[in-house]
Amino acid sequence: MAGAAALPHPGLIAAGLLAALIMAALAGLASAGGTATLMPGPYLWGVVRGAASQAALSTVLSLLLGTALALALTRRSSFPGRRLLMAVMTAATVAPTIVIIFGLVAMFGRSAPLPALAASLGLTLPAIYGLHGIVLAHVVMNAPLVARVLMAAVAATPAEQTRLGQMLRFNPLDCLRHLDGPVIRREWPGLAAFIFLLCFTSFAVVLSLGGGPANATLEVAIYQALKLDVDFARAAGIALLQIMLSLAFVLAFSAIGARLPDAPGQARGQTRPDAGSRLLFWIDGAVIACAMLLIAPVVLSVLSGLGQLPSLVGADVARAALTSAVLAAIAAALAVLLALLLASAAEAAPLGRASPGRARLVELAVLALLGLPPFALVTGLFVLLRGTGSVSGIGLVLVPLINALMALPFVYRLLAPPLRQSAERHGRLSTSLGLSGVAHLRIVAWPALRRPLMAALALAAALSMGDFGVIALFGGGDLVTLPYLMAERMGAYRLDEAGAIALVLVASATALTFLADRA
Amino acid sequence: MMILRWIIAAFALIVFSLPSLAQTKPVLTVYSYSGFTGKYGPGPKIKERFEAVCSCTLEWVATENSGALLGRLRLEGENTRADIALGLDINILAEARATGLFIPHGQPLDGLALAWNDATFLPFDHGHMAFIYNADKLAQPPKSLRELVDSPNGPRIVLQDPRTSQPGLSFLLWMRKVYGDKADDAWVRLKPRIVTFTKGWSEAYGMFLKGEADMVLSYTTSPAYHISAEKKTNFRAAPFNEGHYLYVETGALLRTSKQPELARRFIAFMLSDAFQSAIPEGNWMYPVKTPADGLPPSFADLIRPTETLAFTPEEVMANRRGFIESWQSAISR
């Protein structure tokens, strides 16, 4: 191994390349013209303050609802629609945002059933547009993520603990304190950081539901600088500010113990000591009903596209579906490859010289990727690559690459923990048997990673299939994806057809996550 | 490894279905926006009709909208593959001119349906901004912009964000034309009835159709779509007595074109009947030259504003940033 020590771990090379790519993109953007201002003015600081408080509110509510849902679904393990509900809700986290927005408008909008119901009871619900609309959309998109992670984490508590709880006749409060509490305390900081960054950098939701320029994020400011002021240097400056702030937020969260939340494990099928409580039965029922109420508008709005499905039959839709599938497959493969490289670099330490610091560093860096501004990155890379080939050709490379980067934090969250576990459990044995490289992967890592790998591929594919932000810059001509086609149909008054395309997208995302869960 | 094999096969399929480089016919590359080039836009018809007479291949490259079109050209600069830019709207022409990427079109401008004397940007369609309402739900739409602004119990409207959308910017300019320096106060009075500002035209129009607002900012020609495609006559444009804001879309020749002859032929083709007759029920705008067969029946009952409001492109360029900042602070008050 002496010769190999001279070469850095391929994961570190990948990390270095990624960092270089990001910085090069920003530099390319800054060089494209405009006035660079390194110090943000009062307007930008106002945006940062507003976005931070919006993100804090969204995070707290997503955590509360997501946790309640996770506990409810864990206790009601016999609830028949459990799997489907989770698959549908996961689809909500990855659906094109416009689908979520129209779903919420259909339920909570001015002519929707809910405000009408409230009005008949003599209540006036506030309009959905404004800060509360943004927060509501963010909760719909992120509470399922919280629920998924916590359900997996709670399910992974050793069966002995649950059995002990039964023997000690734990009441529901004891269960919360001794069984679920530690898990929640462990996972919350990481989840909070994750969701906070997603909401802090939100774009389409803020623009459509914000109700006006009073609600903004730095992502909106970047878009404005790129599209309206055509001041590329300013866009690069704001992008840099957003990346710096994201790193700062991640560091701040890490001070309270944030790490990437752990995910999967096997459900042990233990009956929980608190499953019999009457009170909890009603509380859980209410929580599950509440979750369904939140997700119902999106589902209903998507299902309304059913009648228009026949209108989709045509060469352009088929081609867009194929393009979407190919781009999503490439992006997913790339995201998983990067996650594996980074995770193994984080774990790789010579025997006896374990470096938890490095693992943590990689973890935090991956988390901070959530703060990447896609518009600025894509435009910067475009500037660097202009003139080197056709736009479609460049797009064919850049779209999956940027989508993979966007999916990386999600994928890393799914893959790193099992990889670490497998290294902890079998690392020494594997080394003592002289297993390395491919043999190690095949015999030791693969069996532990197969399931999380499938889940990660599915999630990454679903995420990039729903992407519109990146494809909007390169689409057209030869590179048309389903979300792109959806926007085009909407632009030509064909709202119904756009609805049918949304149905195809959400159904594919649901199917992907549903199947990956069963794999 | 089945999956891998499948991915490679699909990838190969995509790559090989990209236009082959070994084409013998010359290729004319036209940058436009997706609403124009898409299945329901006039793009497919125009491609077919131009290719029938040019013995060339017309290749569309679509961007998200007019603003993105200029943004793309600005990024690509002199390396652009575009021979023609089709869809630059009146409000960004001064900025487009300032890039120095375009050369005069050389077409005669007499006999156009609108007054126009720009030597670089050749209009291919035009129309006016207007608020669209559903006559089954709103019996008495406001008769003027002032009435809309000053009726506390008036109709609720959905607008587009002037920072991200061309129609949104047009309405900002419309307010300035009618209210001048008092526009900010007018925005404050209008604000309680603005449902939201959306990123683009389609989200706003979608929200209106779903019943979120009584009126939506769109074009005087929008009802023609509902008449023609859906046989519905209840969607109408509200005539405002101050006049309506002008919207014009233009095409221009790129100085760096490698196919200057072909590009000039396309510019001339833009004013031909073959091109112009694809506009009304393709782009849902007025053609700049009335087609030989006249306008389609769906256009017969549309309102025709007598008073046209417009800033010159140079005025827009000089004031846009200031107007937007002042709107931003007025609406955030």
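Further up the page is the structure itself.
What counts and how
- Residues numbered from 1 in each chain as written.
- Chains lettered and ligands numbered in written order.
- Predicted model: local features only at pLDDT ≥ 70, side-chain atom pairs only at ≥ 80, totals over all residues.
- Heavy atoms only, no water.
- 1 Å grid on protein atoms, 1.4 Å probe; cavity = no way out; pocket = protein on both sides within 12 Å on 5 of 7 lines; lining within 4 Å.
- Points joined across faces, edges and corners; volume = space filled by probe spheres on them.
- Helix = DSSP H or I, 4+ residues; strand = E, 2+ residues; numbered from the N terminus.
- Nonpolar A, V, L, I, M, F, W, Y, C, P; charged D, E, K, R; others polar.
- Domains from an automatic or database assignment.
- Axes fitted to C-alpha atoms, helices over the stretch in contact; angles between N-to-C directions.
- Parallel < 35°, antiparallel > 145°, perpendicular 65-115°, else oblique.
- Left-handed = near helix turned anticlockwise from the far one by under 90°.
- Contact = heavy atoms within 4.5 Å.
- Disulfide = S-S within 2.5 Å.
- Buried < 20%, exposed > 50% of the residue type's maximum accessible area, 1.4 Å probe, protein only.
- Expected span 1.5 Å × (residues − 1).
- Arc of directions from axis to C-beta.
- Salt bridge = Lys/Arg side-chain N within 4 Å of Asp/Glu carboxyl O.

A.B. asks: Is there a simple way to explain empty space enclosed by the protein in this structure?
C.D. replies: Rolling a probe over the atoms, with the probe sized like a water molecule, indicates the empty space that remains. All told, the structure shown has eight cavities of 30 Å³ or more when counted by the stated rule. Considered as a void within the structure, the second largest cavity measures approximately 390 Å³ in volume. Among the elements of the structure, helix H11 (218–227), helix H16 (374–385) and helix H19 (471–474) of chain A together with helix H4 (66–76) and helix H7 (166–179) of chain B are those that each provide at least two residues to the lining of the second largest cavity. When the residues that make up the lining of the second largest cavity are grouped by side-chain class, the tally is 16 nonpolar, eight polar and seven charged. Lining the lining of the second largest cavity are residues from two domains, each supplying at least three of them: domain 1 (22–126 + 247–297) and domain 2 (127–246 + 303–332) of chain B.

A.B. asks: Is there a simple way to explain the packing of helix H9 (residues 172–200) of chain A against helix H12 (residues 232–255) of chain A in this structure?
C.D. replies: When two helices pack together, you describe them by how their axes are tilted relative to each other and by the distance separating the axes. All names here are of chain A. The geometry of H9 relative to H12 is characterised by a closest axis approach of 10 Å and an angle of 160° between their N-to-C directions. One element, H9, and the other, H12, form an angle in the roughly antiparallel class. Considering only the axes of H9 and H12, their crossing is right-handed. Every residue of H12 that contacts H9 at Pro189, Ala192, Ala193, Phe196, Leu197 and Phe200 is listed here: Leu245, Ser246, Phe249, Val250 and Phe253.

A.B. asks: I keep staring at the state of the cysteines and nothing clicks. Help me out?
C.D. replies: Disulfides are covalent bonds that connect the sulfur atoms of two cysteines. Considering all chains together, one arrives at one disulfide over all chains under this definition. Put simply, Cys54 of chain B and Cys56 of chain B are joined by a disulfide, and their sulfur atoms are 2.1 Å apart. Residues Cys54 of chain B and Cys56 of chain B are joined by a disulfide whose S-S torsion is about -90°; by sign, that bridge is left-handed. Among the cysteines around Cys199 of chain A, which has no disulfide bond, Cys290 of chain A carries the closest sulfur, lying 17 Å off. For Cys290 of chain A, a relative accessible area of 36% corresponds to the partly exposed category.

A.B. asks: In this structure, what is going on with helix H3 (residues 43–54) of chain B? I would like to understand it.
C.D. replies: Since the α-helix advances by 3.6 residues per turn, residues separated by three or four positions end up pointing in the same direction. All names here are of chain B. Here H3 spans 16 Å end to end across 12 residues, near enough to the 16 Å set by a 1.5 Å rise per residue. Within the sequence span of H3, burial applies to Gly43, Ile46, Phe50 and Cys54. The buried residues of H3 all sit within an arc of 65° when viewed along its axis, so they share a single face. For H3, the exposed residues set more than 90 degrees away from the buried face come down to Glu48 and Ala52.

A.B. asks: Honestly, the pattern of salt bridges in this entry has me stumped. Any pointers?
C.D. replies: Where charged atoms from two side chains of opposite charge approach closely, those side chains can pair. Inspection of the entire model under this criterion finds 17 salt bridges over all chains. Where Arg75 of chain A meets Asp284 of chain A, a salt bridge forms, and the shortest distance between an N and an O atom there is 2.9 Å. One end of the pair, Arg75 of chain A, is in helix H3 (residues 42–75); the other, Asp284 of chain A, is in helix H13 (residues 278–303), and 209 residues separate them in sequence. Across the pair, exposure class does not vary: Arg75 of chain A and Asp284 of chain A are buried alike. The residue Arg189 of chain B makes a salt bridge to Asp150 of chain B at a minimum N-O spacing of 2.6 Å. In this pair, Arg189 of chain B sits in helix H8 (residues 183–190) while Asp150 of chain B sits in the loop between helix H6 (145–149) and strand E6 (157–160), placing the two residues 39 residues apart along the sequence. Judged by its relative accessible area of 36%, Arg189 of chain B is partly exposed. Residue Asp150 of chain B is classed as partly exposed on the basis of its relative accessible area, which comes to 41%. Taken together, the salt bridges that share partners define one network made up of Asp316, Glu488, Arg489 and Glu497 of chain A.

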